[in-house]
Protein chains: 2
Amino acid sequence: MKKTLFYCLFFMPGMLYAQQQNLIKYVKPIIGTQKMGHTYPGATVPFGAVQLSPDTDTLSYELNGKYNGDVYKYCAGYKYEDKTIVGFSHTHFSGTGHSDLGDFLVMPTVGKLNMNPGRADDPESGFRSGFSHANEQAEAGYYKVKLDKYDIQAELTATERVGVHQYTFPKSKDAHIILDLMSGIYNYDDKTVWTFVRVVNDSLITGYRQTNGWARTRTVYFAMSFSKAFKSYGQKNFDKAQVYKGFWRKFDQTKNFPEIAGKRIRMYFDFNTEANEKIGIKFALSPVSQENALENMETEAKGWDFNQVKQSAQESWNKELNKIKIDAPEDEKINFYTAMYHAFINPTNYNDVNGQYKGLDQNVHQANGFKNYTTFSLWDTYRALHPFLNIMQPARNNDMVKSMMAHYDQSTLKMLPIWSHYANDNWCMSGYHSVSVIADAVIKGVYNGDAEQALAACVATAKHRNYEGIGEYIDRGYISSASNSNSVSNTLEYAYDDWCIAQLAKKLNKQDIYQEFIKRAENWRNVFDPKIGFMRPRLADGSFKADFDALSTHNQGFIEGNTWNYSFFVPHNPKGLIEQMGGAKKVALRLDSLFTMHLPDEFFAETEDITREGIIGGYVHGNEPAHHVAYLYNWVGQPWKTQERVRKILKMQYKPTPDGLGGNDDCGQMSAWYMFSALGFYPVSPGSDEYALGSPSVNSAVLRLENGKSFTVEARNQSDKNVYVAKVLLNGVELKSHTIKHSDIIEGGKLTFLMTGKMR
Amino acid sequence: MKKTLFYCLFFMPGMLYAQQQNLIKYVKPIIGTQKMGHTYPGATVPFGAVQLSPDTDTLSYELNGKYNGDVYKYCAGYKYEDKTIVGFSHTHFSGTGHSDLGDFLVMPTVGKLNMNPGRADDPESGFRSGFSHANEQAEAGYYKVKLDKYDIQAELTATERVGVHQYTFPKSKDAHIILDLMSGIYNYDDKTVWTFVRVVNDSLITGYRQTNGWARTRTVYFAMSFSKAFKSYGQKNFDKAQVYKGFWRKFDQTKNFPEIAGKRIRMYFDFNTEANEKIGIKFALSPVSQENALENMETEAKGWDFNQVKQSAQESWNKELNKIKIDAPEDEKINFYTAMYHAFINPTNYNDVNGQYKGLDQNVHQANGFKNYTTFSLWDTYRALHPFLNIMQPARNNDMVKSMMAHYDQSTLKMLPIWSHYANDNWCMSGYHSVSVIADAVIKGVYNGDAEQALAACVATAKHRNYEGIGEYIDRGYISSASNSNSVSNTLEYAYDDWCIAQLAKKLNKQDIYQEFIKRAENWRNVFDPKIGFMRPRLADGSFKADFDALSTHNQGFIEGNTWNYSFFVPHNPKGLIEQMGGAKKVALRLDSLFTMHLPDEFFAETEDITREGIIGGYVHGNEPAHHVAYLYNWVGQPWKTQERVRKILKMQYKPTPDGLGGNDDCGQMSAWYMFSALGFYPVSPGSDEYALGSPSVNSAVLRLENGKSFTVEARNQSDKNVYVAKVLLNGVELKSHTIKHSDIIEGGKLTFLMTGKMR
């Protein structure tokens, strides 16, 4: 009997799944959808190409000739505060502070056909519907909401490349499904460059949508299949003028005309529905072609069993979540597993089931020996997300580095990605942090590609003289304030990135490159003003900017962080920084001030992307530059303050509520910070193989690694009060330092924190 | 010695070529470039994908906020009357009356860089240059002109898919080559939907241009290679606004920035040049991808020997021209071989060397077992061009029919092409004349595809109820005047097309289809008003339109021809028409009136696309509907008038001068009419295997057929006065009728006309 059971467990995946804990119950995709989190509540699978989610506004409509208000607000398409849903679109960034996407908005309606989305302040003016959170359910891989206006139950789930909808209609002879091809996130008048649709038959359409947005040249191909044949269909073309419309008058192109193209198009599909009749939609995407979209659909989403797709999506999430099993209070579990969910959304899949993808060169490529990914928000994610993936998703992170190298190969600029998505680079934010991700992956043994080629790509990127001050940086050792608005941020981040390149060169035994870049890595010193003890913009003549306010961010040479935060940005040489700043004692006091000061409103207004709750004193956790700062107490002999601060940040900046994130989740960086810190260690300087120890907030955690080994964290005597660490044991041996090595984790073992309520 | 020579001739293509007559000297591409011919003077190879030709204006610039004047005028980009050249672009229609194309305008300049084309009335305002016809040389496959402003000699030639430029510069440290990606023919503000360029290295760029013009969704990919490295390059972006330009400021994108995209872009490339230094450009096109464009270039245009490419282009023309050797006066030879040249330009190649092409569905297809063609101006070319190709280019016409069938297969409308180009249908003009081309090719044994599938496609097209009145036509037997502005033209042309379908059905022994369509073929009777003896618009209630003027075209139910011309449009049943019109005598008088009447100016103004010289009396040769009419005298017992009229048309409507064409050449239809008529026979009703005899204007002609046989036409005692035919012998046997059969030609043989100066 026992033997039989053993075989069952061994051979039956269903049984294995049953063995896993149900962890998706702790995932609350709604967290971060209110205020500044910029997450979306809809359905996706881990690192999936499709993010099918409700949009409450997308700024696709004009209001008195101008586009409606705050584009920034709708980075994820959905705001928890809103009362109406415009429709459900298939692509969304998670937690960004700039945006794009929102492709292919689908909306089911009943009654007289209305082809305008209408305005939030007058929902009756358009096809949008009111909804209430009471009728809303957001789970990992599943979203459900009732559309009040139409009495339609909307359900969403997804495979990797296919969004699957299920709409439960009331009885109607006038039911519609609208496909809005104009709608998009961060939409401007001429953002949609072109759309093309073929109505293949009465239940299948294919086509593409091409945009000029944050990604300059972007095309998404699709195939859309309906579970029920539509009885008729049509389009409304909102193009201002159509050249050569004359000959098109040979047909009535507004109704049942199957060859559709234009810049501003909405389509509709008509149905008769019985009471509670469900109509399903499978909406497949491809970066390459309509045919690939169809192949993706046929491969991933056969048949019309919505619940089976949903179950499969949720199983895929549960499988990922089960890689870390934590013991913690319920709220902590919600925070942790939701963070894990948000971290495992990005980067996203960007190739078809046949391995094809569109490259930066706009050519079609075959991904040989890797899976291609896109959406690299690297200024954010190099810090903790990619290091986290190096532990928990090394195979995927290896593919991500390969995707970055493919980007480099296809780049005529010969640059690694800065902030790339959908075969484009938008060059957002400072630094060239690809090199950090690459160095970290090589040094931690995760990257199995050609490391020398990777080093060459890093060096070429770092020597790209005409990119954002690099030439001056190379010549002068810093970027002068007049030549670049982020002169100090860039100088500091380049210095760190150069250190990463040096580490990589050392690893590959390239002494000349090591020497060159380890020297560049000390360039942070050139923007440090010893007179005031802060990083400070410097002029070309070597003098420091006279008119300078350490609390201010704007026009001071910084981005998303003032000098109070940025002055600590020497993650690769805290010892050198502390020395430069006047020693441990002085720096400890400085850190205390940062966490306890009051940031006046005028300066708070200059911090971007965060709520008032996104800061602690002057420490801005909602933005990334200071994410390592709480750990610096370890270097000034006050590790208990690291422990205390980290626990405070975990508590204050992450809550299991819609407004639970104090700033943009930034493609998982905020979430990765959470997980690292909750587990008791953090990668202060990716590119090194060390993690700084903090204060775990879980009682225990077991990390199931891809190599089959397990790493266990135990926090004995753990509580909200016992945030201090009395002693740390690695595999039973007390640690003398406040660091562990990557190999300590990856080789498996146990890290035991003995917690106490008393500062040491 | 003799034996050696024999082997040389047999084995050496060069020697074979030497054996051929030099006929390209009779080709004057400049014919038709003045006034209404709408031909272009530039370089192309037979049926080539590239038509590299100077543009004297393309309406790509604004004048006081409005686009400059007469778009119609610049269908071919070049007007002989103009004094300036804007540049040399790579795609041109030959002889159309509506337009598109003009992609990738290249212009060499010297001196201060000017990125505006400037205006014709103020050439100094832009990069355009004055030129003079004295310094211009237009040959088959070669074009040369001196650009006066810059003292640059410009030379152009082409392979099938590659335009090859050679510019001879003066000594300069400030020489430029401009690539204008905004410019295009029939250009409107938002016609260029998107452009994308990669500067791969210092002598190669690739990219694409996407337009929304006459072809609604059109993308042309390119690869451009320079024989000399440019020293620097840049772009000027004329986009009104660019979303998200912010992050692009990280680079100076105007100069030496290799990743370029936008809607309105001009690029420049800088050089130092020595006196008389030649810079070459190879510019390859592809309908599919940048990579295919590169492959096309590497396959077809290796190295930098301009003269070799030129020689090869001219050899390919000479090979085609040598298929018909005529004996005729010099002017006649010029007219004939230029007509042959113009006829062998269209349709054009539309697949890459690897066989890929973009289909109507915007998917990439592999052409299996055929070569894909585009540019089907079928309303024009079904009449004489495709029948001519069935005799002289059956392999190509077979592929053209296969291309039309591929279009049908890719069409969600399930329609054969109407007027198609570049993976689009613009549905221009009346009728569905694909069916004529298909029936003619099947009946003449040219089409080797599945004829039953072809018939099914014809039937589906002819039953497409919601296309231009077909539903009403089926129900009522005619299209009523209120429902369609070309109601009579369409009714008449549908009836002829239906007869073609009937013939095809008969050939395939599909009796039911034959019966259905042979009945429809008589629908011409339903728009014939016996009271006035003319075709006349009819109302839905069966009454004829009251307010009707037989001289007028506009709003009378006709297009490009009034009822005087269109009343004869029953090419498939002249006997029935003559009966209906009141008998042979009456019809003969009517024909006489048509050719001798005076068309008052107010009605002439309504005929489109022609000059005053484009009409003879009221007979409009410059448009197509009456192209068969001169041959109808054969059916009313006055064949000598056919002979006389045909000779008069040949003489009056075709001259070896720039303004030598009385109307648009219409993708070779006017030229094919010329060749048929000059050879003494004409396909009055394509879809039948008969040709009506006329009066040959050549002394003799030998047609070398693809099957290895020859067909000889001899016109004994031929002269400008001896235009009448006393007797016709086929292979020495006197003909009793005024017709010959297709098999008479294709089986080889000799047709002898005994000419006389006296009417019979």
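Trainee: Please clarify how the pairing of strand 13 (residues 192–201) of chain A should be interpreted in this entry.
Mentor: Residues in a regular strand point their side chains to alternate faces of the sheet. Residue and element names in this part refer to chain A. Within strand 13, eight of the 10 residues are buried, which leaves the element mostly enclosed by the surrounding structure. Here strand 13 runs beside strand 14 (residues 204–211); their pairing, made up of eight bridges, is antiparallel. By the bridge assignment for strand 14, Asn 201 is matched with Leu 204. In terms of strand pairing, strand 13 meets strand 17 (residues 259–262) through four bridges, oriented antiparallel. From the neighbouring strand, Val 197 faces strand 17, where its bridge partner is Ile 260.

Trainee: Is there a simple way to think about the sheet that holds strand 8 (residues 136–139) of chain B in this case?
Mentor: Backbone-to-backbone hydrogen bonds pair the strands of a sheet. The strands run either parallel or antiparallel. All names here are of chain B. The antiparallel open sheet is built from nine strands, whose spatial order is 8-9-10-11-19-15-14-13-17. The sheet is open, and its two borders are formed by strand 8 and strand 17 (259–262), each paired with just one other strand. Here the strands of the sheet are splayed against their neighbours by 15° on average, with no regard to which way each runs. Taken strand by strand, helix 3 (residues 290–300) contacts strand 11 (162–169), strand 13 (192–201), strand 14 (204–211), strand 15 (218–226) and strand 19 (277–286), and its axis lies near 125° from that of strand 19.

Trainee: Looking at this model, I keep getting lost on the domain arrangement of chain A. Mind explaining?
Mentor: Often, the extent of an interface is quoted as the loss of accessible area on bringing the components together. Residues and elements named next belong to chain A. If you check the domain split of chain A, you get domain 1 (31–319) and domain 2 (322–756). In this structure, domain 1 and domain 2 have C-alpha centres spaced 35 Å apart. In total, about 4100 Å² of surface goes out of reach between domain 1 and domain 2, with carbon and sulfur atoms giving 56% of it. Three residues stand out in domain 1 for area buried against domain 2, namely Ile 31, Phe 47 and Trp 214, and they jointly supply 22% of the buried area on that side. Counting across the interface, domain 1 meets domain 2 through two salt bridges. Put simply, domain 1 and domain 2 have 28 residue pairs in polar contact (both at pLDDT 80 or more) between them.

Trainee: Explain the packing of helix 7 (residues 385–392) of chain A against helix 8 (residues 394–410) of chain A here, please?
Mentor: Packed helices, taken two at a time, are described by the angle between their axes plus the distance between the axes. Residues and elements named next belong to chain A. One can describe the packing of helix 7 onto helix 8 by two numbers: an axis separation of 6 Å at closest approach and a directional angle of 130°. With respect to their mutual orientation, helix 7 and helix 8 come out oblique. Facing His 386, Leu 389, Asn 390, Ile 391 and Met 392 of helix 7, the residues of helix 8 in contact are Pro 394, Asn 397 and Met 400. Here the residues of the contact of helix 7 with helix 8 sort into five nonpolar, three polar and no charged.

Trainee: Can you help me understand the relation of the copies chain B and chain A in this one?
Mentor: Relating one copy of the chain to the other takes a rotation about an axis and a shift parallel to that axis. The transformation that overlays chain B on chain A combines an axial shift of 0.0 Å with a rotation of 180°, and the residual RMSD is 0.0 Å. Here the transformation between the copies is reduced to the relation of a two-fold axis. The C-alpha atom lying nearest the rotation axis in chain B is that of B:Val193; the distance is 3.2 Å. Of all interface residues in chain B, 100% are interface residues in chain A too; the two copies therefore contact each other through one and the same surface.

Calculation notes
Residues numbered from 1 in each chain as written. Chains lettered and ligands numbered in written order. Predicted model: local features only at pLDDT ≥ 70, side-chain atom pairs only at ≥ 80, totals over all residues. Heavy atoms only, no water. Buried < 20%, exposed > 50% of the residue type's maximum accessible area, 1.4 Å probe, protein only. Helix = DSSP H or I, 4+ residues; strand = E, 2+ residues; numbered from the N terminus. Pairing = 2+ DSSP bridges. Axes fitted to C-alpha atoms, helices over the stretch in contact; angles between N-to-C directions. Contact = heavy atoms within 4.5 Å. Domains from an automatic or database assignment. Buried area = accessible area lost by both parts, 1.4 Å probe. Salt bridge = Lys/Arg side-chain N within 4 Å of Asp/Glu carboxyl O. Polar contact = N/O pair within 3.5 Å; in protein donor to acceptor, adjacent residues only side chain to side chain. Parallel < 35°, antiparallel > 145°, perpendicular 65-115°, else oblique. Nonpolar A, V, L, I, M, F, W, Y, C, P; charged D, E, K, R; others polar. Least-squares fit on C-alpha atoms with pLDDT ≥ 70 in both.

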